[in-house]
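Here's the letter readout for the chains.
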Amino acid sequence: MSLTPDHFDSQPAELLRSGRPVLAGISGGRDSMALLSLLSGMEGCRVIACHVHHGLRPEADEEAQFVREYAASAGVPCVWRRADVAGMAHVQGISTEEAARKTRQNLFLEWTAEYPGALVALAHHRNDQQETALLHLCRGASGIHGMSPVSIWANGLTVVRPLLNFSRKEITAYLEEKNIPWREDASNQSTEYTRNALRHHVVPRLNEIFRRDTSLSFSRACRIENQIRTALAQALEAMDLTDPQGRLYLPGVNRLPQELKQCAVHHYLRQQSVPDLTEAAVLRVMKILDADGPSRTSLPGGKMAVRKEKRLFVKDAPPQINKGEPRPADTAGGI
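Residues numbered from 1 in each chain as written. Predicted model: local features only at pLDDT ≥ 70, side-chain atom pairs only at ≥ 80, totals over all residues. Heavy atoms only, no water.

Engineer: Please set out the packing of helix 4 (residues 85-92) against helix 5 (residues 96-114) residue by residue, giving values where relevant.
Structural biologist: Two elements in contact, helix 4 and helix 5, have axes separated by 8 Å at closest approach and are oriented at 115°. Here helix 5 runs roughly perpendicular to helix 4, going by the angle between their axes. Helix-helix and strand crossings are classified by hand; for helix 4 and helix 5 the assignment is right-handed. Between helix 4, through Val-85, Met-88, Ala-89 and Gln-92, and helix 5, the contact on the second element is made entirely by Thr-96, Ala-99, Ala-100, Lys-102, Thr-103 and Asn-106. Tallied by class, residues from the contact of helix 4 with helix 5 come to 5 nonpolar, 4 polar and 1 charged. (Axes fitted to C-alpha atoms, helices over the stretch in contact; angles between N-to-C directions. Helix = DSSP H or I, 4+ residues; strand = E, 2+ residues; numbered from the N terminus. Parallel < 35°, antiparallel > 145°, perpendicular 65-115°, else oblique. Left-handed = near helix turned anticlockwise from the far one by under 90°. Contact = heavy atoms within 4.5 Å. Nonpolar A, V, L, I, M, F, W, Y, C, P; charged D, E, K, R; others polar.)

Engineer: So what about the sheet that holds strand 9 (residues 303-308)? Which residues, and what values?
Structural biologist: Overall, antiparallel pairing links the 4 strands, which are arranged 7-10-9-8 in an open sheet. Of all strands in the sheet, those with a lone pairing partner are strand 7 (248-249) and strand 8 (296-299), marking the two edges. The sheet contact formed by strand 7 and strand 10 (residues 311-316) spans 2 bridges and is antiparallel. Bridge assignment links Leu-248 to a residue of strand 10, and that residue is Leu-312. Contacts from helix 11 (residues 258-271) reach strand 7, strand 8 and strand 10 within the one sheet, and its direction differs from that of strand 10 by about 35°. Relative to strand 8, helix 12 (residues 279-287) is tilted by about 165°, and along the sheet it contacts strand 8, strand 9 and strand 10. (Pairing = 2+ DSSP bridges.)

Engineer: Give a detailed account of the packing of helix 6 (residues 126-138) against helix 9 (residues 215-238), specifying residues and quantitative values.
Structural biologist: Packed helix pairs are specified by the crossing angle of their axes together with the interaxial distance, meaning the distance between the axes. Where helix 6 contacts helix 9, the axes come no closer than 9 Å and their chain directions differ by 70°. The orientation of helix 6 with respect to helix 9, classified from their angle, is roughly perpendicular. Two packed elements cross with a definite hand, and for helix 6 against helix 9 that hand is left-handed. Taken together, the residues of helix 9 that come into contact with helix 6 (itself represented by Arg-126, Asn-127, Gln-129, Gln-130, Ala-133 and Leu-134) are Ser-215, Leu-216, Phe-218, Ser-219 and Cys-222. For the contact of helix 6 with helix 9, the class distribution of residues is 5 nonpolar, 5 polar and 1 charged.

Engineer: Report on helix 11, specifying residues and quantitative values.
Structural biologist: Because each turn of an α-helix spans 3.6 residues, side chains separated by three or four positions in sequence point in the same direction. Look at helix 11: 20 Å from first C-alpha to last across 14 residues, which is about the 20 Å you get at 1.5 Å a residue. Looking at the packing, one finds that the buried side of helix 11 touches helix 9, strand 7, helix 10 (250-254), helix 12, strand 8 and strand 10. (Expected span 1.5 Å × (residues − 1).)

Engineer: Residues and numbers for the sheet that holds strand 4 (residues 119-121), please.
Structural biologist: Spatially, 3-2-1-4-6-5 is the arrangement adopted by the 6 strands of the open sheet, whose pairing is mixed. Looking at the sheet topology across the chains shown, the edges are occupied by strand 3 (78-82) and strand 5 (150-152). Mean inter-strand twist for the sheet, computed between neighbouring axes without regard to direction, equals 25°. The pairing of strand 1 (residues 21-25) with strand 4 spans 3 bridges and is classified as parallel.

Engineer: Break down the pairing of strand 2 (residues 46-53) for me, citing the residues and quoting the values.
Structural biologist: Where burial is concerned, most of strand 2 is hidden: 7 out of the 8 residues are buried. Crossover handedness for the path strand 1 to helix 2 (residues 30-40) to strand 2: right-handed. Pairing analysis gives 5 bridges linking strand 2 to strand 3, with the strands arranged parallel. Across the sheet, His-51 pairs through a bridge with Trp-80, a residue of strand 3. With respect to chirality, the unit in which strand 2 leads through helix 3 (residues 60-73) into the neighbouring parallel strand 3 is right-handed. (Buried < 20%, exposed > 50% of the residue type's maximum accessible area, 1.4 Å probe, protein only. Right-handed = clockwise from strand over helix to strand, strands pointing away.)

Engineer: Now, about empty space enclosed by the protein: what can you tell me, with residues and values included?
Structural biologist: Evaluated as defined, the whole model comprises 1 cavity of 30 Å³ or more. Estimated volume of the largest cavity: approximately 40 Å³. Taken together, the residues of the lining of the largest cavity break down into 6 nonpolar, 2 polar and 2 charged. (1 Å grid on protein atoms, 1.4 Å probe; cavity = no way out; pocket = protein on both sides within 12 Å on 5 of 7 lines; lining within 4 Å. Points joined across faces, edges and corners; volume = space filled by probe spheres on them.)

Engineer: Requested: an account of the environment of Lys-310, with residues and values cited.
Structural biologist: Among the secondary structure elements, Lys-310 is positioned in the loop between strand 9 and strand 10. Separated by 232 residues in sequence, Lys-310 and Cys-78 place their C-alpha atoms 47 Å apart. The residues contacting Lys-310, other than those within four sequence positions of it, are Leu-248, Tyr-249, Leu-250 and Pro-251.

This is the structure we're talking about:
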């Protein structure tokens, strides 16, 4: 498939051409540079390059400068921000990856103040989709679901992924044909990270066993699963299971059959942007639906689910306190 805006899925393409500002996440890597090039030449697309300096690698300074200079040469506005991701991870007791994700989402929300009505464009592609689906499967998440071409973040921003049907190989070929430079993140070669291990060891072996590019099969499976999830989400929304404050109303949920009740809880937790959501986490939350059960439980990403006054809601968990340190007065007792 030719890598051109004419071959984007219709839904993201329509949004990108709508005249709304498009905040494109540009790291300086292969995929994001292809995205920037494509969007800058797309008729009707008002693209703004957005770069986050995570402060995690020595080469981050050079990458930030590279993105700013390339955007200027392409006549594209560029906004960027330096962030203390490691500090956030330490303070909130979450992984560096999760802190980086939260930082990017927060910054995109800030940038929309400068560009009202903006949507976010990200450079995830078909191979990313396969890795995401494998991660979900291996972590015990439900189904072989992946990313959607268009989705809504918890902070209300619309996110489009126009490259989701294209492979890493096609993206590389596009960059080489157009003579577009990019910066290679050395950490992508390290198999210390789970996603990289899947990319370098598991996926090549799958392709070898099946003698074809298995990312195509994963892409189709994710598309079908996402369609099913969308239909189920629409059915759950029609049931009106939340109160005006967005909390799950438990009397309504508890009237549902067990399987649908679990689906309702899973859907609600996803709406609250609970990361790395597994079946085990959902089942823990199921236990607190009962008034005679526990009233709270921990969730991934430094969050917790709480039952109070026949409502279920998600909040940030209090920071962990080292032994020997006094407990802050404002966290003693209560919810």
